[in-house]
Amino acid sequence: INYKMEEKKIKRKRKKNFIKRKYPKAFDKQSLKIEMTEVLAAKFNLSKIEVLIAYEQFYRNFPEGFIMKEDYMEENKGNILAESLFRVFDEDNSGGLNFYELMCIKHASIKTPEEKLNWIFTAFDQDGGGTIDVDEIKDTVVALFKMSGKEEDENAITECVEGIRDAVDVDGDGEITKEEFILNAMD
């Protein structure tokens, strides 16, 4: 048995079920297309034509209706935020993005401070466990060093990680909860 292929089949089935739950009125592909076009055009202030063009291109490239994480990462090679964005917008944790989720990545406009902080927290919480641990802080700090072009000095990284943990981990348990993160960032 090819376990990788079986795992991909399960993820694809999960993604299809998610789409059906998210758009219950859309019983067929055409209805889904119309409903999604209207929702995305309104949400991102795009014309319906722009959304339809993106929709057609997406389904031409991904006829099953979703792009798997491996393919997304390949298309976004060199973008150090790609994995975080994928994790944040893969709403059903299926390992793939449907058209709606991909459009959210491309056109997301996070307005309120709370929305920004929720997004940042989710990006930092790499394993989706609901807390940010020291390893996740370190991975984020390393990514920020790379993005800024700074040399990856192990002492500077350790100092940053400890500084963040000390400032934000109010109860001192070694993990930062979303509440601790947002509370400290808003102060």
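As shown above, the structure is provided for reference.
Peer 1: I would appreciate a short explanation of the overall build of the protein chain in the present structure.
Peer 2: Counting its regular elements, the protein chain contains ten helices and four strands. The buried share among the 187 residues of the protein chain stands at 34%. Pairs at least 24 apart in sequence give 55% of the contacts found in the protein chain among residues at least 6 apart. Carbon and sulfur atoms make up 52% of the accessible area of the protein chain, which totals about 11,800 Å².

Peer 1: In this structure, what is going on with the pattern of salt bridges? I would like to understand it.
Peer 2: Pairing between side chains of opposite charge can happen when their charged atoms approach one another. What the rule picks out here adds up to four salt bridges. Between Glu74 and Lys77 there is a salt bridge, and its shortest N-O distance comes to 2.7 Å.

Peer 1: What am I meant to see in the side chain of Asn98 here?
Peer 2: Inspection of the secondary structure puts Asn98 in strand S2 (residues 96-98). Here Tyr100 takes part through its backbone nitrogen, which lies 3.0 Å from a polar atom of the side chain of Asn98. At 2.8 Å, the side chain of Asn98 forms a polar contact with the backbone nitrogen of Glu101.

Peer 1: Would you mind going over the packing of helix H5 (residues 82-89) against helix H7 (residues 113-124) with me for this structure?
Peer 2: Any two packed helices are characterised by how steeply their axes cross, that is the angle between the axes, and by the distance between the axes. It is the contact of H5 with H7, at a shortest axis distance of 8 Å, that shows an interaxial angle of 110°. What the angle tells us is that H5 and H7 run roughly perpendicular. Here H5 and H7 pass one another in a crossing that is right-handed. In this structure, H5 contributes Ser84, Leu85, Arg87, Val88 and Phe89 to the contact, and H7 contributes Trp119, Thr122 and Ala123. Its residues assigned to classes, the contact of H5 with H7 shows five nonpolar, two polar and one charged.

Peer 1: Teacher, can you tell me more about the packing of aromatic side chains here?
Peer 2: The description of two aromatic rings rests on the distance between their centres and on the angle between their planes. Taken as a whole and assessed by the stated rule, the structure comprises seven aromatic pairs. Where Phe58 meets Tyr59, the ring centres are 5.3 Å apart and the plane angle is 80°; that geometry is what we call edge-to-face. Considered together, Phe58 and Tyr59 belong to a single accessibility category, that of buried residues. Between Phe58 and Phe99 the ring centres are 5.6 Å apart and the planes differ by 55°, which places this aromatic pair in the tilted class. With Phe58 in helix H3 (residues 48-61) and Phe99 in helix H6 (residues 99-107), the pair connects residues that are 41 residues apart, well separated along the chain. Feature note: the residues Tyr55, Phe58, Tyr59, Phe62 and Phe99 constitute an aromatic cluster, connected by ring pairs.

Peer 1: Please explain the nonpolar core as it appears in this structure.
Peer 2: Burial of nonpolar side chains together is a common tendency in soluble globular proteins. Ranked by size, the top nonpolar core spans 26 residues in total, and within it Leu40, Phe58, Tyr72, Leu97 and Phe99 carry the most contacts. Of all the secondary-structure elements, those providing two or more residues to this core are helix H2 (29-44), H3, H5 and H6. Among the elements that make up this core, the one with the highest residue count is H6 (six residues). Here Phe99 is in contact with Met36, Leu40, Val51, Ala54, Tyr55, Phe58, Tyr59 and Gly65, once residues within four sequence places are set aside. Residues Phe121, Ile137, Val168 and Phe181 belong to the second largest nonpolar core, which totals 13 residues.

Peer 1: Can you help me understand the packing of H2 against H6 in this one?
Peer 2: Interhelical geometry of H2 versus H6 gives an angle of 15° and a closest axis separation of 11 Å. In terms of axis orientation, H2 runs roughly parallel to H6. The handedness of the crossing between H2 and H6 comes out as right-handed. Along its contact with H2, which presents Met36, Val39, Leu40, Lys43 and Phe44, the element H6 presents Phe99, Tyr100, Met103, Cys104 and His107.

Peer 1: Help me understand H2, please; the structure alone is not making it clear to me.
Peer 2: Three or four residues apart is the spacing at which side chains of an α-helix point the same way, because the helix has 3.6 residues per turn. The end-to-end C-alpha distance of H2 is 22 Å, a good match for the 22 Å that 16 residues give at a rise of 1.5 Å each. Of the residues making up H2, those classed as buried are Leu32, Lys33, Met36, Thr37, Leu40, Ala41 and Phe44. Each buried residue of H2 sits inside an arc of 150° when the element is viewed along its axis, so together they form one side. One or two positions beyond H2, positive phi appears at Asn45, with a value near 55°.

Peer 1: I'm lost on helix H10 (residues 178-186) in this one. Help?
Peer 2: Taken residue by residue, H10 has Glu180, Phe181 and Ile182 as its buried positions. Packed against the buried residues of H10 are H7, strand S3 (131-132), helix H9 (154-168) and strand S4 (176-177).

The rules behind each value
- Residues numbered from 1 in each chain as written.
- Predicted model: local features only at pLDDT ≥ 70, side-chain atom pairs only at ≥ 80, totals over all residues.
- Heavy atoms only, no water.
- Helix = DSSP H or I, 4+ residues; strand = E, 2+ residues; numbered from the N terminus.
- Buried < 20%, exposed > 50% of the residue type's maximum accessible area, 1.4 Å probe, protein only.
- Contact = heavy atoms within 4.5 Å.
- Areas by Shrake-Rupley, 256 points an atom, 1.4 Å probe, with all protein chains shown as cover.
- Salt bridge = Lys/Arg side-chain N within 4 Å of Asp/Glu carboxyl O.
- Polar contact = N/O pair within 3.5 Å; in protein donor to acceptor, adjacent residues only side chain to side chain.
- Axes fitted to C-alpha atoms, helices over the stretch in contact; angles between N-to-C directions.
- Parallel < 35°, antiparallel > 145°, perpendicular 65-115°, else oblique.
- Left-handed = near helix turned anticlockwise from the far one by under 90°.
- Nonpolar A, V, L, I, M, F, W, Y, C, P; charged D, E, K, R; others polar.
- Phe/Tyr/Trp six-rings, centres within 6.5 Å; stacked < 30°, edge-to-face > 60°.
- Core = buried A, V, L, I, M, F, W, Y, C linked by side-chain atoms within 4.5 Å.
- Expected span 1.5 Å × (residues − 1).
- Arc of directions from axis to C-beta.

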